[in-house]
Number of protein chains: 2
Amino acid sequence: MQVVVDDADDPRLGDYVRLRESSLRKSLESERGLFIAEGEKVIRRAAEAGHAPRSFLLAPRWLAGLDDVLRRWPDVPVYVVDEAVAEQVTGFHVHRGALASFHRADLPPVGDLLGASRLVVLEDVVDHANVGAVLRSAAGLGWDGALLSPRCADPLYRRAVKVSMGAVFALPWTRLPSWREAPGLLADSGLTTVALTLADDAVDLADLAAELDGSERLAVLLGTEGAGLSERWSSGATVRARIPMRAGVDSLNVAAAAAIACYALAPRP
Amino acid sequence: MQVVVDDADDPRLGDYVRLRESSLRKSLESERGLFIAEGEKVIRRAAEAGHAPRSFLLAPRWLAGLDDVLRRWPDVPVYVVDEAVAEQVTGFHVHRGALASFHRADLPPVGDLLGASRLVVLEDVVDHANVGAVLRSAAGLGWDGALLSPRCADPLYRRAVKVSMGAVFALPWTRLPSWREAPGLLADSGLTTVALTLADDAVDLADLAAELDGSERLAVLLGTEGAGLSERWSSGATVRARIPMRAGVDSLNVAAAAAIACYALAPRP
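Naming follows an unreviewed UniProt entry, where chain A appears as tRNA G18 (Ribose-2'-O)-methylase SpoU of Microlunatus flavus.

(A) Examining the domain arrangement of chain A more closely. Residue and element names in this part refer to chain A. We note that the domain assignment places domain 1 (2-103) and domain 2 (110-264) within chain A. At the interface, 17 residues of domain 1 touch eight residues of domain 2. Note on domain 1 versus domain 2: buried area summed over both sides is about 1200 Å², and carbon and sulfur give 62% of it. On the domain 1 side of the contact with domain 2, F35, E38 and V42 bury the most area, a combined 36% of that side's loss. The interface formed by domain 1 and domain 2 contains two salt bridges. Taking the shortest distance from any N to any O, the salt bridge between R158 and E38 comes out at 2.9 Å. The interface formed by domain 1 and domain 2 contains two residue pairs in polar contact (both at pLDDT 80 or more).

(B) Focus on the interface of chain A and chain B. Facing the 30 residues of chain A at the interface are 30 residues of chain B. When the two sides are added together, the surface that chain A and chain B hide from each other amounts to roughly 2200 Å², 52% of it contributed by carbon and sulfur. The largest contributions to the chain A side of the interface with chain B come from R136, R246 and Y263 of chain A, which together make up 29% of the buried area. On inspection of chain A and its partner chain B, the count reaches zero salt bridges. Across the chain A-chain B interface, the total number found is 10 residue pairs in polar contact (both at pLDDT 80 or more).

(C) Looking closely at the environment of L148 of chain A. Residues and elements named next belong to chain A. Inspection of the secondary structure puts L148 in strand β7 (residues 145-148). According to the relative accessible area criterion, L148 is buried, its value standing at 0%. Sequence spacing of L148 and A37 is 111 residues, and the spatial spacing of their C-alpha atoms is 21 Å. If sequence neighbours within four positions are ignored, L148 has contacts with L122, V131, A153, P155, W173, T174, R175 and L176.

(D) Unusual backbone geometry, seen in detail. Residues and elements named next belong to chain A. The phi dihedral of R18 is positive, around 45°, even though this residue is not glycine. Within the element layout of this structure, R18 appears in the loop between β1 (2-4) and α1 (22-32). The backbone of M165 shows a phi angle near 55°, a positive value even though the residue is not glycine. As for its placement among the helices and strands, M165 is situated in the loop between α6 (158-163) and α7 (167-170). M165 sits in the partly exposed class, given a relative accessible area of 23%.

(E) Highlighting the relation of the copies chain A and chain B. Under the fitted operation, chain A is carried onto chain B by 0.0 Å of movement along the axis and a turn of 180°, and the coordinates agree to an RMSD of 0.0 Å. Given the turn and translation reported, the copies of this chain are related as if by a two-fold rotation axis. Of the residues that chain A buries at the interface, 100% are likewise interface residues in chain B, meaning the two copies contact each other through the same surface.

(F) Examining helix α1 (residues 22-32) of chain B more closely. Residue and element names in this part refer to chain B. Looking at α1, one finds that the buried residues are R25, L28 and E29. Summarising the axial view, the buried residues of α1 lie within an arc of 95°, below the 170-degree limit, and thus occupy one face. Away from the buried face of α1 by more than 90 degrees, exposed residues S23, K26, S30 and E31 are located. Residues of α1 that are buried sit in contact with β2 (34-38). Just past α1, the residue G33 takes up positive phi, approximately 65°.

The rules we used
Residues numbered from 1 in each chain as written. Chains lettered and ligands numbered in written order. Predicted model: local features only at pLDDT ≥ 70, side-chain atom pairs only at ≥ 80, totals over all residues. Heavy atoms only, no water. Domains from an automatic or database assignment. Contact = heavy atoms within 4.5 Å. Buried area = accessible area lost by both parts, 1.4 Å probe. Salt bridge = Lys/Arg side-chain N within 4 Å of Asp/Glu carboxyl O. Polar contact = N/O pair within 3.5 Å; in protein donor to acceptor, adjacent residues only side chain to side chain. Helix = DSSP H or I, 4+ residues; strand = E, 2+ residues; numbered from the N terminus. Buried < 20%, exposed > 50% of the residue type's maximum accessible area, 1.4 Å probe, protein only. Least-squares fit on C-alpha atoms with pLDDT ≥ 70 in both. Arc of directions from axis to C-beta.

Following this line, the structure appears as structure tokens:
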């Protein structure tokens, strides 16, 4: 259902306002139960993953490319705006000219993921781009899912979705109900938990990978930007592993560390 | 030399204007021969790497923490501004309240890096965050330097500097003089060049790593976002290697691929 809108203050565009203001968006998106997908490829992936659209906001030139997606929901409004109106509404130049607002589905219960063979577990990773990047790497490298501590950034925030290239729709993930109980919950599920750390007494990640016989079910724990894993999560893990670093250099970015761990400990076919 | 400035239009703040407008900044920074460092840690690292400051722009609360750095250049102006003025000048809220403008030094000649044992070589990586992330991982994992094709994004652009956590100052890097001649130049220098690709006939990266005897000097070639390596660079490499991916998933982000390659092919002590 196409509707041409030429007034940036039209209340029907309310899902799309001020997309760069993260605190405003956080409350708006949770109140309304929505998330925003940006760009044709990401919109398509959200739709293919079974998410239900609330509306689309498209520059005219994007109508044809998304035609098959739009036809699937003939009753969902497609707001057609020129790029100047889109910029006024969203607060930035929408390079890819295509936005969609989707209903947030309920997250799966954590028990649905605890039987997996390979899980990434994030503790208080607060940067949306990092969360998106970790999920993209985990999906690409054949991992089964991700668990997020309660304070982690929202994987369905626009920037996380975008950086993940839509992997947040393909890779199963959910929130851990409790930060405190997480190490115990994972161990009780029969997972071997690997805490990634810079501690001197940790084993070399490559040595750990060589020792695995392929039958283990693994969860890799990665800590917050800056401080890394908490003592509780680190000491609560089955094993602590270290990526060898050049002396005197900062730790790796958490997304780089996650990519390396997901590669080194990937399920072997 | 501290100077309190309360007018955002003061021409002495001209190095810091509209930091988020990348096309404006690109021409301004190359005309004036400067780059911007943001945050106490990154400013400190630029100074320690021997870069000469043009000026500092600090909120009052940052003066004490950077005192030792400021004392090294008693004649360099320190513009002290409140955060509202900083925001007016730069166009965004400067979370870390500290900026500095440094003179750009000449890049080293490419020949200075060609004798290295481990080089990352980027072809047309156009996203500043990706360039910064790759350099951070390369530095952390013990690689010797990086070479950038002429069209790669600028490692000294503010966002690249920030994402690299200052690794752009610690890791030697320079521009390749020619995109076309790069594969030949690397081969003529006795480097074994490894093209990272998704091609089916490429060898598994882990198999390649296992075959190395530790004496090889390696250059890993990574391609542009989206399209990956050009045919010229890919077919011009000594060997083509592949990171195994889950069927149907997009390639990895170039920064994730670089982290994995730098880990898998790292110099062994």
